[in-house]
Amino acid sequence: MTEGETMAAGQGATSVNPVLVHSGLPYDLPDFRSISDDDFLPAFTSAMASHVAEVEAIAAEVAAPTFVNTIEALELSGRDLARASGIFFNLVGPDTNPKRNEISQELSTLLTDHANTIAMNQVLFERISDLHARADDLGLTEPQRRLLDKRYRESVRAGAGLPADAQQEMREIASRLAYLTTTFSQKILDDTNESAVLVGDATDLDGLSAGQIAAARRAAIEAGHENGHLITLELPTSQSVLTELANADVRQRVFEASVNRCARGNEHDTRDLVLEIVRLRARRAELLGYRDHAEFVIAEQTAPNPAAVDDMLRELNASAMRAGGRELTRLTEFAGDVPIGPADLTYWLDREKRSQASVPLDGFADYCELDTVLTRGVFHAANTLYGLRFVELTDLPLYHPDVRAWEVRDDTGVGIGLFLGDFYARPSKRGGAWMNNIVDQSSVLQTHPIIVNVLNLTKPDAGQPCLLTMDQLTTLFHEFGHALHGLLSSVEYPSQSGTSVPRDFVEFPSQVNEMWALHPEVLANYARHHETGEPIPAELAEAARESAGTESAHGTIEYLAASSLDLAWHRLSVSEAEAIADVETFESQALADAGLHTELIPPRYRSAYFNHIFGGGYSAGYYSYIWSEVLDAETEQWFLAEGGLQRENGRRFADATLSRGDSVDPLVAHEGLIGRRPRIDPLLRRRGLAA
């Protein structure tokens, strides 16, 4: 029976699982119309069995191990599994349902056990180890050598070099962690939905736009409320609506709903999960010879060790708290006799910023309609820098009616991939914004990328525009930076494609792309009034740039608090982790130890809803955003010094970073671009932390 085929019940014929079949659609886009949730588990079962058979054949190869018959063969195996994973896990984030949650939970352990079966295949590990020991004599290219080294490290880190009893414990830990982290993410989505704040009187929403009020009414109706308006929650602690709500009591209700998520003692409480995850991660690190989970994680990053990360955060923490003290003094004077609590800080920061603007910023969003920003801003910058063109395809079977698709073509008109945009919030979508890849680029496999950007914008009523705030505008450009990393990938091997780089480097290209959001040429191209079509007034454009020019101390502190909290959880030894009994007590002490404990500014994510580290892949790695921002700030200066939005600059940046993925050392490539090692000074100036 060929891969992807299953025997039809009671019949002699075979049928191809629609998850695994090649669709014939552009770039082999999955035909989502033909796929039902009942197809996924059979598809994964078939794909894993095929993958194991391929791996066993590689291990049983009688010829001496070579790069081609072992490492490259492993890289090219399991293509059905890669396809099924690309489809299913793209759906779970933006459009889940109870059935998909069940499947995800079951797959979390099945796929982990499957990966461990391969990593701990002793005959295969011997072949990999033999090649690794002789690597200098094999005449490998840089991408080949990096692939060999990574495959060897992955096997060792999975436990392949441990005694049998330790291997079994590693398997049990990995399987349990997969279950716990999947459960954690699901509980966050459920409790975030349940924690939405119902406001009975529309007058209590003073400060919100007409579109936001209409969306809140629609959310209330969809949630089954006959009356009132429902303020749904975003994933971070800080809720963007707090900058606009004039009613302090409503602000307090929204803040408390946000900060207490998953710690309310209900069925969605995650605190026991946090403690078990931390203990298991510490034990796994100990089995592998690391002091703690942070050391285990950072060994694979561009940061040299946890101490280097600690040093950077310590310097930034102290500077940020000093800046925060100055900021609070200003705000207290500005607010007069009005008390400022943690629910009020961003409101008063916004009021102060507006008061200092050379012209009122209230109308800026009127010039930032989503579709116009996307096509005449995001796509325009990509065209100018990289020669890319975007052709919308309106007849493809996508996974949700709100999703849109564009074919991406290079400057010669040749198609290089598909870009999908899924921009609007819905109850089935987890919070935040992210990039997914359904298909990876690979010249060996002759595959082109299919990239998805997911946001959580409020969907407007029919016929009304979706107008972007400054933060949403930045997010749109940020996520498209990830998309460019995938779309412009030009590597041989799929595991080195696009964003498959160290975690503390992956945010760098996306942060660089943010610089074009308010660039004069880009802004002038997209900023048209959504009703009149008039271009944005020059003074408003300049005021927007000035307003966005420096990060508030509040924003820096809440980010650094989350980063420090992440590392505190993951610097625990086994005995230290086992001694922790209360999540909130540990959290408070960890922030105090980092010099960041303040009742006014909680972390961007508290432990109970810190999905990046307890449900996603950023454990001991949330520092990555600020670590990457050092490179980003330097690169922004490089772009400006070289003439800014120029095709040649885009080519050089793409050649150095976007096209190379993990086929080269990313830090060496960056140093080659700017001509030296990066310095922290531009970052300190950008965030207002310079002495």
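Fair warning: this is a prediction, and the values are worked out from it, not measured in the lab.

**Some remarks on helix α4 (residues 98-119)**
- Between the first and last C-alpha of α4 there are 32 Å, a value that for 22 residues agrees with the 32 Å anticipated at 1.5 Å per step.
- Approximately 30 degrees is the largest bend angle found in α4, and it occurs at L107.
- One side-chain oxygen at the N-terminal end of α4 lies 3.0 Å from the backbone nitrogen of K99; it belongs to N97.

**A short note on the packing of aromatic side chains**
- Inspection of every chain in the model, using the stated rule, returns 33 aromatic pairs.
- Measuring from centroid to centroid gives 3.9 Å for F379 and F390, while their planes differ by 5 degrees, and the two rings are stacked. A residue pair is termed long-range when its members are at least 10 positions apart, and F379 in helix α14 (residues 370-386) and F390 in strand β5 (residues 389-393) qualify at 11 residues. Of the two residues, F379 and F390, neither departs from the other in class, the shared state being buried.
- Judged by centre distance (5.5 Å) and plane angle (15 degrees), the ring pair of Y618 and Y625 falls under stacked. Exposure class is identical for Y618 and Y625. Each is buried.
- Directly above the aromatic system of Y347 lies the positively charged group of R251, at a separation of 4.1 Å from the ring centroid.

**Quick notes on the sheet that holds strand β8 (residues 434-439)**
- Taken in spatial order, the 5 strands line up as β5-β6-β7-β9-β8 in an open sheet, and their pairing is mixed. With one partner strand each, in any of the chains shown, β5 and β8 form the two edges of the open sheet. Each strand axis lies, on average, 25 degrees off the axis of its neighbour in the sheet, ignoring direction.
- As paired elements, β5 and strand β6 (residues 404-409) share 5 bridges and run antiparallel to each other. Of the residues in β6, the one forming a bridge with F390 is V408.
- Taken strand by strand, α14 contacts β5, β6, β7 (415-424) and β9 (450-457), and its axis lies near 150 degrees from that of β7.

**Description of the pattern of salt bridges**
- The tally for this structure, following the rule as stated, stands at 49 salt bridges.
- One salt bridge in this structure joins R314 and D311, with 2.9 Å as the shortest N-O distance. Pair noted here: R314 and D311 are both in helix α12 (residues 306-335), with a separation of 3 residues, about one helical turn.
- We classify R314 as exposed; its relative accessible area is 52%.
- For D311, a relative accessible area of 45% puts it in the partly exposed group.
- Residues E542 and R545 are paired through a salt bridge, measuring 3.5 Å at the closest nitrogen-oxygen approach.

Rules used in this analysis
Residues numbered from 1 in each chain as written. Predicted model: local features only at pLDDT ≥ 70, side-chain atom pairs only at ≥ 80, totals over all residues. Heavy atoms only, no water. Helix = DSSP H or I, 4+ residues; strand = E, 2+ residues; numbered from the N terminus. Expected span 1.5 Å × (residues − 1). Bend = angle between axes of the 7 residues up to and from the residue. Polar contact = N/O pair within 3.5 Å; in protein donor to acceptor, adjacent residues only side chain to side chain. Phe/Tyr/Trp six-rings, centres within 6.5 Å; stacked < 30°, edge-to-face > 60°. Buried < 20%, exposed > 50% of the residue type's maximum accessible area, 1.4 Å probe, protein only. Lys NZ or Arg CZ within 6 Å of the ring centre and 35° of its normal. Pairing = 2+ DSSP bridges. Axes fitted to C-alpha atoms, helices over the stretch in contact; angles between N-to-C directions. Contact = heavy atoms within 4.5 Å. Salt bridge = Lys/Arg side-chain N within 4 Å of Asp/Glu carboxyl O.

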